[in-house]
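# Fold and contact review
Residues per chain, in single letters:
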Amino acid sequence: ASGVILDEKGYILSNDHIYYDIPNAKFIITLSNGESYKAVYVAGDSRSDLCVLKMTELPDEALTPAVFGDSTKVSAGDEVIAIGNPKGLEGTVTKGIISAPSRRISFSTTDASGNTSNYSMRVIQTDTPLNSGNSGGALVNMYGQVIGISSSKIELSGYEGLCFAIPSNDAVKYAESLIENNCVKGRGKLGITYYGISSAVAKATDMPYGLQIAQIGETSDLQGRGISAGDIITEIDGNQITDSDVALDVIDDKQTGDTVTLKIYLYESGKYKTIEVRLIEDESVSSYSTQTQQQTTTNPMYNYNPFQ
């Protein structure tokens, strides 16, 4: 795997999936000069696919932290390079462009009890070649700033150059929380499961497009508010929900306890209702385990298949 130096204290940012099938994983950090040092696991988060390690040994010379750029300033067509450790070839650099500055990919994890959770992750899409071993490495702009953390690619016959990185703004925010709280704290969610209704389906069924509620969680603020399964969320904070990305992007930029204003189509009556809803905690879970019998995770990295 690869990683990015966060500070002089030896905190290293990488992907949570790097140890997903390795119980009680141990870590060695090898710097660009070839020197190796022991490190320990600090915290990780499967939802964002990020983890933080900490070097327990430091070199005599001070570490040089990476400089992070503003990922919201990234544009399609920008040139970028990926630095990583594919196939053990340390310091390998590949070059490409930004294909899309903001994209969402979905994946699922299944725990030891067989419970499956589906996630959507905001990513930067690039055609920069990434391979196993690039995981957790830097995606860098032409100013030498890290604008993404390499994380995944589509590996399907007939598809090439579809690679993804976690935006630097998200990576830094979550890394700070992992160091401070040993988890990602304050990440909000509505607490529902839903089906996306596209404009094509809406036209065919004479229904508004948006997010049709499948189930409302017990702790969701939508409980007891006159909302039921089958109702459709058509707007969030004044933004029309043309697809699920619209709602998820709004929620990702908020925190637990913040409120969002939802416009909801009531399926039974055919009327609309506007309510203010408080976001609940989206709890952090890591793939790291000290148990031999650990959770089994559908690893989204380097075999992500959007058609499954």
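Definitions and cut-offs
Residues numbered from 1 in each chain as written. Predicted model: local features only at pLDDT ≥ 70, side-chain atom pairs only at ≥ 80, totals over all residues. Heavy atoms only, no water. Helix = DSSP H or I, 4+ residues; strand = E, 2+ residues; numbered from the N terminus. Rg over C-alpha atoms; globule rule 2.2 N^0.38 Å. Buried < 20%, exposed > 50% of the residue type's maximum accessible area, 1.4 Å probe, protein only. Contact = heavy atoms within 4.5 Å. Pairing = 2+ DSSP bridges. Polar contact = N/O pair within 3.5 Å; in protein donor to acceptor, adjacent residues only side chain to side chain. Salt bridge = Lys/Arg side-chain N within 4 Å of Asp/Glu carboxyl O. Phe/Tyr/Trp six-rings, centres within 6.5 Å; stacked < 30°, edge-to-face > 60°. Lys NZ or Arg CZ within 6 Å of the ring centre and 35° of its normal. Expected span 1.5 Å × (residues − 1). Core = buried A, V, L, I, M, F, W, Y, C linked by side-chain atoms within 4.5 Å.

## Describing the overall build of the protein
Tallying secondary structure elements over the protein gives 3 helices and 19 strands in all. Relative to the 2.2 N^0.38 estimate, which gives 19 Å for 308 residues, the radius of gyration of the protein is 21 Å and therefore close to what a compact globule would have. Taken over the C-alpha atoms alone, the protein extends approximately 70 × 40 × 35 Å along its principal axes. Across the 308 residues in the protein, those meeting the buried criterion constitute 47%. Residue pairs in contact within the protein that sit at least 24 positions apart in sequence constitute 61% of those at least 6 positions apart.

## Remarks on the sheet that holds strand S4 (residues 36-45)
In sheet architecture, strand pairing relies on hydrogen bonds along the backbone and comes in two forms, parallel and antiparallel. Strand order in the open sheet made by the 5 strands is S1-S2-S5-S4-S3, with antiparallel pairing throughout. This sheet does not close on itself; its edge strands, each paired only once, are strand S1 (4-5) and strand S3 (27-30). Across 2 bridges, the pairing between S1 and strand S2 (residues 11-14) is antiparallel. Bridge pairing links Ile5 to Ile12 in S2.

## Let's talk about the side chain of Ser48
Here Ser48 lies in the loop between S4 and strand S5 (50-55). Accessibility expressed as a relative area gives 5% for Ser48, which makes it buried. A polar side-chain atom of Ser48 sits 2.7 Å from a polar atom in the side chain of Asp45. Apart from the residues within four sequence positions on either side, Ser48 is in contact with Met121, Ile166, Tyr174 and Arg187.

## Observations regarding the pattern of salt bridges
Counted according to the given criterion, the structure contains 12 salt bridges. Note that Asp45 and Arg187 form a salt bridge whose closest N and O atoms lie 2.8 Å from each other. On the criterion of sequence distance, the pair formed by Asp45 in strand S4 and Arg187 in the loop between helix H1 (168-181) and strand S12 (188-189) is long-range, its members being 142 residues apart. Residue Asp45 is classed as buried on the basis of its relative accessible area of 0%.

## Comments concerning the packing of aromatic side chains
On inspection of all chains with the given rule, the structure shows 6 aromatic pairs. Taken together, a centroid distance of 6.0 Å and an interplanar angle of 80 degrees make the contact between Tyr19 and Phe27 edge-to-face. The pair Tyr19 / Phe27 is uniform in exposure class, with both members buried. Each member of the aromatic cluster is reached from another via a ring pair, and the members are Tyr19, Phe27, Tyr41 and Tyr288. Between the NZ or CZ atom of Arg187 and the centre of the ring of Tyr174, over which it lies, the distance is 5.6 Å. The aromatic ring of Tyr272 is capped on one face by Lys263, whose charged end is 4.9 Å from the ring centroid.

## A word on the pairing of strand S11 (residues 163-167)
Of all 5 residues making up S11, 5 are buried, and the element is well covered by its neighbours. The pairing of strand S10 (residues 146-153) with S11 spans 5 bridges and is antiparallel. Looking at the pairing, Ser152 lines up with Phe164 of S11.

## Details of H1
The terminal C-alpha atoms of H1, which comprises 14 residues, lie 19 Å apart, in line with the 20 Å expected from a rise of 1.5 Å per residue. For H1, every residue scored as buried is listed here: Ser168, Asp170, Ala171, Tyr174, Ala175, Ser177 and Leu178. Just past H1, the residue Asn182 takes up positive phi, approximately 60 degrees.

## A few points about helix H3 (residues 244-252)
Listing the buried residues of H3 in full gives Ala247, Leu248, Val250, Ile251 and Asp252. Regarding H3, its N-cap is Asp243, as a side-chain oxygen of that residue lies 2.9 Å from the backbone nitrogen of Asp245 further along.

## Comments concerning the nonpolar core
Nonpolar side chains in soluble globular proteins tend to end up buried together. Leu13, Leu50, Val52 and Ile149 are the most contacted members of the largest nonpolar core, which has 25 residues in total. If you tally residues by element for this core, the top one is H1, at 4 residues. Ignoring any residue separated from it by four or fewer positions in sequence, one finds Leu13 in contact with Ser2, Gly3, Val4, Leu6, Leu50, Cys51, Val52, Phe68, Gly136, Ile149, Ala171 and Ala175. Core analysis: the next-biggest nonpolar cluster, separate from the first, contains 20 residues, Leu211, Leu222, Ile251 and Ile264 among them.

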